[in-house]
Structures are given as structure tokens and as C-alpha cells.
Number of protein chains: 2
Amino acid sequence: MGLAKTEIFNDQQNKIATYAKVFGHPARVSILQHLFELNSCVCGDLVNEIGLAQPTISQHLKELKLLGLIKGNVEGTSVCYCIDIENWTKMKEVMFQFLDQDITKNTCC
Amino acid sequence: MGLAKTEIFNDQQNKIATYAKVFGHPARVSILQHLFELNSCVCGDLVNEIGLAQPTISQHLKELKLLGLIKGNVEGTSVCYCIDIENWTKMKEVMFQFLDQDITKNTCC
DNA sequence: TTTATTGATTGCAATATTACGATTAATATT
DNA sequence: AATATTAATCGTAATATTGCAATCAATAAA
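Residues numbered from 1 in each chain as written. Chains lettered and ligands numbered in written order. Predicted model: local features only at pLDDT ≥ 70, side-chain atom pairs only at ≥ 80, totals over all residues. Heavy atoms only, no water.

Undergrad: Can you explain the interface of chain B and chain A? Please cite residues and give values.
TA: On the chain A side, the residues contacting the 52 residues of chain B number 52 residues. Buried surface at the junction of chain B and chain A, both sides included, amounts to about 4600 Å², of which 69% is carbon and sulfur. Where chain B packs against chain A, one counts 2 salt bridges. Residue D100 of chain B is joined to K92 of chain A by a salt bridge in which the shortest nitrogen-to-oxygen separation is 2.8 Å. At the boundary of chain B and chain A, one finds 8 residue pairs in polar contact (both at pLDDT 80 or more). Only α1 (11-22), α2 (26-37), β1 (70-75), β2 (78-83) and α5 (85-99) of chain B provide two or more residues apiece to the side of chain B that touches chain A. Broken down by class, the residue content of the side of chain B that touches chain A amounts to 31 nonpolar, 13 polar and 8 charged. (Contact = heavy atoms within 4.5 Å. Buried area = accessible area lost by both parts, 1.4 Å probe. Salt bridge = Lys/Arg side-chain N within 4 Å of Asp/Glu carboxyl O. Polar contact = N/O pair within 3.5 Å; in protein donor to acceptor, adjacent residues only side chain to side chain. Helix = DSSP H or I, 4+ residues; strand = E, 2+ residues; numbered from the N terminus. Nonpolar A, V, L, I, M, F, W, Y, C, P; charged D, E, K, R; others polar.)

Undergrad: Just give me the short version of the layout of surface pockets, but keep the residues and values in it.
TA: In this structure, the largest pocket occupies an estimated 1100 Å³ of space. Breaking the lining of the largest pocket down by element, the ones donating at least two residues are α1 (11-22), α2 (26-37) and α4 (54-66) of chain A together with α1, α2 and α4 (54-66) of chain B. For the lining of the largest pocket, a count of residues per class yields 13 nonpolar, 16 polar and 8 charged. (1 Å grid on protein atoms, 1.4 Å probe; cavity = no way out; pocket = protein on both sides within 12 Å on 5 of 7 lines; lining within 4 Å. Points joined across faces, edges and corners; volume = space filled by probe spheres on them.)

Undergrad: Tell me about α2 of chain A, and name the residues and values.
TA: All names here are of chain A. Taking 1.5 Å per residue, 12 residues should reach 16 Å; α2 reaches 16 Å between its end C-alpha atoms and fits that length. Of all 12 residues in α2, 11 are buried; the element is thus mostly enclosed. Taken residue by residue, α2 has P26, A27, R28, V29, S30, I31, L32, Q33, H34, L35 and F36 as its buried positions. Remark: L38 follows α2 within two positions and exhibits a positive phi of approximately 60°. (Expected span 1.5 Å × (residues − 1). Buried < 20%, exposed > 50% of the residue type's maximum accessible area, 1.4 Å probe, protein only.)

Undergrad: I'd like to hear about the protein's contact with DNA strand D, residue by residue, with values.
TA: Close to DNA strand D lie 31 residues, the nearest being G2, K5, Q54, S58 and Y81 of chain B. Counting only the atoms of DNA strand D that lie within 4 Å of the protein, the sugar and phosphate share comes to 69%. In this structure, a phosphate oxygen belonging to DNA strand D sits 3.2 Å away from a side-chain N or O atom of T56 of chain A. Here G44 of chain B contributes a backbone N or O atom positioned 2.8 Å from a phosphate oxygen of DNA strand D. At the level of secondary structure, the elements contributing two or more residues to the surface near DNA strand D comprise α4 of chain A together with α3 (43-50), α4 and β2 of chain B. Ranked by residue count, the leading element in the surface near DNA strand D is α4 of chain A, at 5 residues. The class makeup of the residues in the surface near DNA strand D is 13 nonpolar, 13 polar and 5 charged. (Near = heavy atom within 4 Å.)

Undergrad: I'd like a description of the state of the cysteines, backed by residues and values.
TA: All names here are of chain A. Within this structure, the stated rule accounts for 2 disulfides over all chains. Here C41 pairs with C80 through a disulfide, and the sulfurs are 2.5 Å apart. With the S-S bond torsion at -105°, the cross-link from C41 to C80 turns out left-handed. Highlighted residues: C41 in the loop between α2 and α3 (43-50) and C80 in strand β2 (residues 78-83), separated in sequence by 39 residues. C43 takes part in no disulfide bond, and the closest cysteine sulfur to it belongs to C41, at a distance of 11 Å. (Disulfide = S-S within 2.5 Å.)

Undergrad: Any chance you could break down the side chain of S30 of chain A for me, citing the residues and the numbers?
TA: Considering the arrangement of structural elements, one finds S30 of chain A in helix α2. Taking the relative accessible area as the measure of exposure, S30 of chain A reaches 4% and is therefore buried. For S30 of chain A, the residues in contact, after removing those within four places along its chain, are I50 of chain A together with F9 and Q13 of chain B.

Undergrad: How would you sum up the protein's contact with DNA strand C? Please name residues and give values.
TA: For DNA strand C, the set of nearby residues contains 31 residues, the closest of which are M1, G2, Q54, S58 and Y81 of chain A. Those atoms of DNA strand C that come within 4 Å of the protein belong to sugar or phosphate at a rate of 69%. K21 of chain B is positioned such that a nitrogen or oxygen atom in its side chain is 3.2 Å from a phosphate oxygen of DNA strand C. Within the side chain of T56 of chain B, a nitrogen or oxygen atom sits 3.2 Å from a phosphate oxygen of DNA strand C.

Take it as geometry only, folks, not as evidence of what the structure does.
This is the structure we're talking about:
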């Protein structure tokens, strides 16, 4: 019914899925790439560069912030968003462990 | 309106998002972990172990297969699913490049 | 203080996703 | 041939997601 039965999965599986889900939209991928490149960390600049409406970008930023992957610094009327290095590193460990499973065992088909 | 404006993003960004999206559900994470462990590669066994209805598991398997991350071998009335090693490796390269961006530049906030 | 500027929030329409009962298709078994 | 087993497909209900116009809140500039 549109919602995942998270209760039947373990914490690790749910965490992987939650991280992956936030990367599952090209706008959020694009935002994160911009933040890594430091081309534009201000919301308004991201709106101009990406080409989605301001409320839409703001919403995507909110989701990234909610997961802790980015943080926002208010500077006057604008807000500067940046990668949260510590949380990004934690996320990377979780995702790497999942993506980098031993593939050599796989001999059945 | 419920659909992503993929046309305003580049191929790499859309590819990352597409891969991530398929990992964005704990059932698919769980299925992949099972296939890596080779605990159960037959659809019916996955149904028993994961605890979702057969049509639901079948649907998730279909999505994984569509992306090429798994392949299915028919064995009598049952179907044995396995990781597609070649495609999994390709996916890993794309995702690693995205997740492993140089974080040291990040000094603005 | 009045008026920009910037970004968050609200509300809504369109579409996508998740889950499963019922059914169907294909192969095995009897 | 008739029946059982297995997995795919169809149809549908419930919920989530995406995108944006309109509005609001907060600060800056005049």
C-alpha cells in the first residue's frame, strides 16, 4: 500500500534503503555534486544552475538535511549548504559494505 | 507531478539515481544480500525467508532484473536468481565514483 | 519604517510505488 | 490426461513522491 514494511527488515537493511532512497533522484544527486564542487552552496544559486523551481530545490535540500548528509549555514538572507563530512563518511561505510560484498562466492548461475 | 524531470540532468546523474532508487527499498536490499550469501536464490525460498507475499517478491525481483543487477535461471518449475557479476561491477564503479568524491575541498561551512 | 531579497512552508495536482488477492502460464508428477 | 507446484501477471487499494504557484518569515537595504 505504497509504504514499505520496514518492520520485517533489520536496521542495517533499512538504513541502506534510506540512504539509497535519497540518492534515488537526479536533482539530489546534482545538488550533492554541486556541493562537492563548491560551485554553488547557496540555495538560490542551486535553483539557477539546476533549473527546478525554488520550492522544489528547497524540498530536496530539506530531505538531504533531514538525513544529516548536508548542513545549512544562514548568512544574512541566504543559506549556504555544505556536505556534513562526518555523516557523509559514516554513510559511505554503510553503502560500501553493501555494494562491495564478496562476489566470488557467486557460482550458482 | 510525481515524475522526475530527468531531461534536465545528465546521463551520469540519471544513472546514479536509477541505481540508487532500486536500492531504496529494504526488500530489494534483503534479496540482494540473500543472493550474495547464496542462502536462497530460488524465488519461493526468498518469499519464505523475507516474509512478503510471492507477487511482491516477484515484482522486486523483476525490478532488479530490469536493471541487469540479477539474472534468473529457470530450473523446472522454479527459478534460480543470481547476481549478474559483470553488471554489478559496472554499477559499483558508478556508485563508488559518486560516493567517494573528494571531501577535503569542503571548507565553506 | 518601508521595501527588497531570500528561502521555507503550504496546498494541491499528477504520477509512482508498495503490497497482495486472484488468476494465469509453464513445467513436473501421478 | 489430470493434478500439483512454482512463479509471473493483472487489477486494485493505500500511500508516497515530485513539482510548483502562492504565501509566509526573516533579514538586509533604502
